[in-house]
Amino acid sequence: MSLRTRELLNLVLVGLLTAAGFASVYIARQDVVSAGSLTYALFFVSLFVVAHILLRVRLPDADPYLLPLGGLLCAIGLTEIYRIDPDLAFRQGLWVVVGVLAFAAVVLFLRDYRKLDNVKYILGISAIGLLVLPALPGIGRTINGATLWVDIGPIVFQPGELAKVLIVIFLAGYLRDNREMLSYGAGGGRLPSPKHLGPLLLIWGGAMLVLFQTRDLGGALLYFAIFLVMLYTATARWSFVAVGMGLFLAGAVALYQVIPHVQDRVQGWLDPWSDPQGDTYQLVQSIYAIASGGVFGSGLGNGVLLTPEGNPYIPFLETDFIFSAIAQELGLAGAAALILLYLLFAFRGFRVAMLADDGFSKLLASGLTAAVAIQAFIIIGGVVGLIPLTGITLPFVSYGGSSIVANFIVLALLLMVSDRVNRGERR
Amino acid sequence: MNPQIRRLFFVFAFLFVALIATATYWLWRAPDLEARQGNPALVVRELEVKRGLIYAANGTTVLARNRQRKLEDGRTWYVRRYPRGPLTAHAVGYSTISRSRTGLEQSMNDFLTGSNANLSTIIDTTLDRLQGITREGNNVITTLNMNAQRAAMDGLAGNCGAAVALDPRTGAVLALASSPSFHPNLVEENFGAIERITAPCEPAAPLLDRATAGRFVPGSTFKVITAAAALDTGAFTPDSEFDDPGFCTLFGQRVTNFSDQGELNAFGRVTLTEALENSINSVFCNLGKELGAGTVLEYAERFGFYDRPPIELPSNEVLISGLYRNGRPYKPDDPSEVDPGRLAFGQERLIVTPLQMALVVAGVANDGVVMEPRLVQRITAPDGDVVERFGPEEWKTAIKPSTAAELTAMMTLVVESGTGTAAQIPGVSVAGKTGTAETGVAGRNNTWFIAFAPADAPKVAVAVALSDQSGTGGVTAAPIAKEIIEAVLGRNT
């Protein structure tokens with residue numbers, strides 16, 4: 001069986017699951033949702049079939065599991081969003097269309113992803129430019145204490161999501177060029193020379209500074225972790241990780257002193273019931289939602305997620321807290337399955353990286369994969385109370401256009417690396 | 001780089017397993033979390049239950065009912081309404097989404113939601129849930145006499161205080177009133193309006209049930225207990241004579257009798273009966289010294305002090321009466337720690353609730369036996385069948401019947417010719433005792449009247465307590481008690 005046929009069978013499976021999900025929401029909430037909305041599922045599946053056909057033509061040797069995994073994650077998110085608010089699901093559906101278009105654009109127009117290496121500095125600086133955008137007066141918008149959004153006319157988007165991809169590309173190119181020097185230091189010394197470390201720290205430091213400035217703590221944590229992971233992958237030096245962690249802890253302590261918001265988050269994490277009507281309301285409600293789901297959940301559409309007025313009990317339910325909603329309605333079984341999907345995604349992504357024969361491909365694939373996995377860990381860890389809560393989207397699942405589009409680009413890049421690797425092997 | 005990537009994968013595998021473990025931990029904690037306030041899953045499950053109604057003693061006046069609310073998804077929620085509003089707010093309490101429950105709504109919740117379950121009803125309700133049949137709760141029929149309740153609330157209006165009326169023979173609570181009150185419907189709709197309620201006391205605290213949890217200094221009403229101790233021990237008789245110099249020396253300091261003019265008010269040679277009739281502090285002070293604090297406290301305990309009255313209200317709404325230290329009830333191991341003189345006339349860090357003082361007079365009225373206070377008489381199923389009936393139970397045996405008879409005679413004189421004449425009712429002999437506890441601040445007295453009637457065949461025992469008063473108990477509280485007694489005896493004009 002060819003790789004693409006296997007992919008198609010996987011997609012058919014995803015399609016069946018999606019249809020079952022939508023149907024069960026429809027049965028549970030038929031007073032609210034219309035039968036016409038059932039066609040969303042059909043529409044959704046056909047989108048992925050389009051992506052599949054594109055892969056057949058352009059990347060026939062790409063990994064057959066990554067696209068179905070992305071599709072399944074998307075389907076789970078869309079179904080849960082549909083259950084929370086059918087109108088939001090419709091918009092999320094449109095964003096998936098945009099995401100697939102972006103996916104297609106990358107696959108069609110970026111003939112050789114390795115050329116990205118040549119423009120890595122431009123990409124790195126653009127990433128910082130994107131991150132600065134929300135801080136600019138006039139177009140920046142602050143939601144829930146963080147300035148992450150850019151509002152231009154009809155579109156509100158989070159440039160940070162796209163910047164994440166650009167930073168990974170930059171780091172992959174940069175670390176490939178300098179990994180020898182960074183690994184062993186100049187002239188056998190322990191410390192890498194400023195010449196080699198400088199640009200890296202500059203771009204990365206700039207990104208971190210902007211993120212702290214905009215109070216995007218989740219984003220800062222994500223970028224920091226991506227940076228450490230890629231640095232470790234490139235150099236195999238644990239000391240970098242240790243120093244990085246030390247720096248991070250020092251920074252975290254400093255932030256803790258300065259920003260009350262951070263103190264609230266940390267204290268809420270240490271004792272969720274310190275202020276259940278105020279600062280820790282979201283976390284406590286999230287824990288209630290997870291706990292009340294039981295092993296198999298209340299079933300889609302049967303959970304207690306909305307007040308009689310139809311508003312979610314947890315603010316940002318469809319974005320940051322979508323995992324809590326899924327855990328309540330699909331239970332521990334569903335929640336664990338979702339987490340395992342990310343693990344499978346990481347497995348396939350890292351596999352692509354390990355099979356790749358050049359440093360840039362390896363670093364790019366492992367960096368992009370790590371970015372998705374770390375992001376999933378940060379937000380799920382936050383809403384279950386394992387780590388302090390910082391707002392960030394759950395890749396492919398959360399409601400949000402920027403996140404969906406960025407993750408489809410990640411998917412496209414991974415598949416391109418994979419196709420090249422497998423084609424080389426076949427030859 | 002492959003070894004690093006492989007290691008990374010294992011790190012992620014570990015982290016993701018940690019996520020699943022954390023979610024599992026919350027599942028394991030779920031039974032404990034479910035009981036917490038503010039858990040919407042729990043609240044919503046209860047909103048889908050059609051709670052039972054709460055009725056007054058007559059079985060027809062509805063104190064709490066439901067309003068149906070059709071949700072847009074077709075489900076029906078039942079939201080609580082309180083047609084009598086502030087009149088019975090403290091006894092009935094409230095059941096809301098945002099602020100949980102109080103009063104009978106909380107303590108009778110299992111009956112009201114029909115989850116007072118044995119196995120067969122659990123199976124029934126589970127089947128009902130699966131079939132989408134609304135679960136109906138059982139009805140609670142209280143002991144509240146609406147005439148007495150209205151008389152109590154009317155009498156308290158404009159003051160901070162509380163009144164409790166009991167049937168001394170059964171312990172049935174006929175009236176349980178606290179002022180200022182609030183409209184329970186507003187708890188959900190407009191809590192700000194409740195927070196803005198003002199009263200001649202600080203804080204106004206309209207949600208506080210002063211009848212069962214108000215902290216009052218008993219003042220001279222405590223003399224009933226001191227007198228009971230004096231008579232019941234056999235050490236004194238109603239005719240025992242005392243010499244009243246107008247003051248009593250305690251630790252070298254003079255405690256003077258209550259006086260409007262501020263001058264020394266000496267009664268000379270008086271009997272115990274006369275001392276109670278005129279509420280002479282110095283006599284009781286010396287009496288207390290002779291009996292000792294241990295004996296006086298023992299009798300207080302026999303009337304129910306240091307024990308939470310077993311009324312069917314949430315235990316956090318029922319305060320224990322007794323000596324207090326650092327905000328907690330405190331029973332001295334060594335009675336000499338307590339000043340017996342000040343204790344005897346109801347000062348000395350004594351904190352009591354109106355309910356407790358009503359139980360004291362009810363005990364005197366009921367031949368020395370204090371009945372368990374009872375706010376609920378029966379539970380009925382939605383179809384009207386009686387599910388459970390609560391009969392009278394004895395709570396404490398405080399004093400001998402002979403002592404009770406002697407005290408009754410003495411207390412009758414208080415109303416006939418003593419400090420409590422304002423409570424006289426034509427054709428009915430009322431036995432009572434006034435109290436005016438000075439807090440040391442002008443206009444901040446606790447004033448009291450405790451009474452029962454008719455003295456020869458008691459049907460009602462009352463305690464009225466007011467805070468932040470400038471008058472005396474005989475002037476401020478006695479008329480309210482009189483109105484309540486008349487309402488119960490059916491003489492309301």
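How each quantity is defined
- Residues numbered from 1 in each chain as written.
- Chains lettered and ligands numbered in written order.
- Predicted model: local features only at pLDDT ≥ 70, side-chain atom pairs only at ≥ 80, totals over all residues.
- Helix = DSSP H or I, 4+ residues; strand = E, 2+ residues; numbered from the N terminus.
- Buried ≥ 20, exposed ≤ 12 C-beta atoms within 10 Å, placed from the backbone.
- Contact = placed C-beta atoms within 7 Å.
- Pairing = 2+ DSSP bridges.
- Core = buried A, V, L, I, M, F, W, Y, C linked by C-beta atoms within 7 Å.
- pLDDT = per-residue confidence, 0-100.

Moving on: the overall build of chain B. Scanning chain B from N- to C-terminus turns up 20 helices and 22 strands. Of all 493 residues assigned to chain B, the portion counted as buried reaches 51%. Looking at chain B alone, contacts between residues at least 24 apart form 70% of all its contacts between residues at least 6 apart.

All names here are of chain B. Alignment of strand 13 (residues 322-325) against strand 15 (residues 350-351), held across two bridges, turns out to be antiparallel. Across the sheet, the residue bridging to Gly322 is Ile351, located in strand 15. Summarising the sheet, strand 13 and strand 14 (residues 328-329) pair through two bridges and their orientation is antiparallel. Directly across from Tyr324, in strand 14, lies its bridge partner Pro329.

Residues and elements named next belong to chain B. Sheet architecture is open: six strands sit in the order 4-3-2-6-17-18, paired in mixed fashion. At either end of the open sheet lies a strand with only one pairing partner, and these are strand 4 (76-81) and strand 18 (386-389). Relative to strand 18, strand 17 (residues 376-380) is paired through three bridges, and the arrangement is antiparallel. By the bridge assignment for strand 18, Arg378 is matched with Arg389.

As a further point, take the nonpolar core. Counting residues in each nonpolar core, the largest one holds 159 residues, and the members touching the most others are Ala207(A) and Ile226(A). Those residues in contact with Ile226(A), other than ones at most four positions away along the chain, are Ile167(A), Val168(A), Gly367(A), Ala370(A), Ala371(A) and Ile374(A). Of all hydrophobic cores here, the second largest spans 130 residues; its members include Val164(B), Val187(B), Leu355(B) and Met410(B).

Our next topic: the interface of chain A and chain B. Each side of the interface is counted separately: chain A has 43 residues, and chain B has 33 residues. Secondary-structure elements contributing two or more residues to the side of chain A that touches chain B are helix 8 (217-235), helix 11 (281-293), helix 12 (322-355) and helix 13 (359-384) of chain A. Of all the elements, helix 12 of chain A adds the most residues to the side of chain A that touches chain B, at twelve residues.

Below, the discussion takes up the environment of Thr436(B). By secondary structure assignment, the location of Thr436(B) is in strand 20 (residues 431-437). In the structure, Thr436(B) is positioned 217 residues away from Gly219(B) in sequence and 5.6 Å away in space, judged by C-alpha atoms.

On to the confidence of the model for chain B, then. Per-residue confidence for chain B averages 87 on the pLDDT scale, and 90% of its residues sit at or above 70. When pLDDT is averaged over each element of chain B, helix 17 (residues 354-365) of chain B comes out on top at 97 and helix 7 (residues 119-131) of chain B at the bottom at 56.

With that out of the way, let us pick up helix 14 (residues 281-291) of chain B. For helix 14 of chain B, a buried count of nine out of eleven residues is recorded, marking the element as mostly surrounded by other parts of the structure. Those residues of helix 14 of chain B lying buried are Asn281(B), Ser282(B), Val283(B), Phe284(B), Cys285(B), Asn286(B), Leu287(B), Gly288(B) and Leu291(B).

Looking now at the pairing of strand 17 of chain B. All names here are of chain B. Where burial is concerned, most of strand 17 is hidden: four out of the five residues are buried. Looking at chain direction, strand 6 (residues 139-142) and strand 17 are connected through four bridges and run antiparallel. The partner of Ile141 across the bridge, within strand 17, is Arg378. Two successive antiparallel strands, strand 17 and strand 18, enclose a turn made up of five residues, where Gly384 displays a positive phi of approximately 100 degrees.

The subject of this paragraph is the sheet that holds strand 15 of chain B. Paired through backbone hydrogen bonds, the strands of a sheet run either parallel or antiparallel to each other. Ordered in space as 14-13-15 (chain B), the three strands form an open sheet in which the pairing is antiparallel. A strand with exactly one partner marks an edge of an open sheet, and here the two such strands are strand 14 and strand 15 of chain B.

The next thing to look at is the confidence of the model for chain A. For chain A, per-residue confidence averages 85 on the pLDDT scale, and 93% of positions sit at 70 or higher. For chain A, strand 2 (residues 146-152) of chain A is the element with the lowest average pLDDT, namely 70, and helix 13 of chain A is the one with the highest, namely 95.

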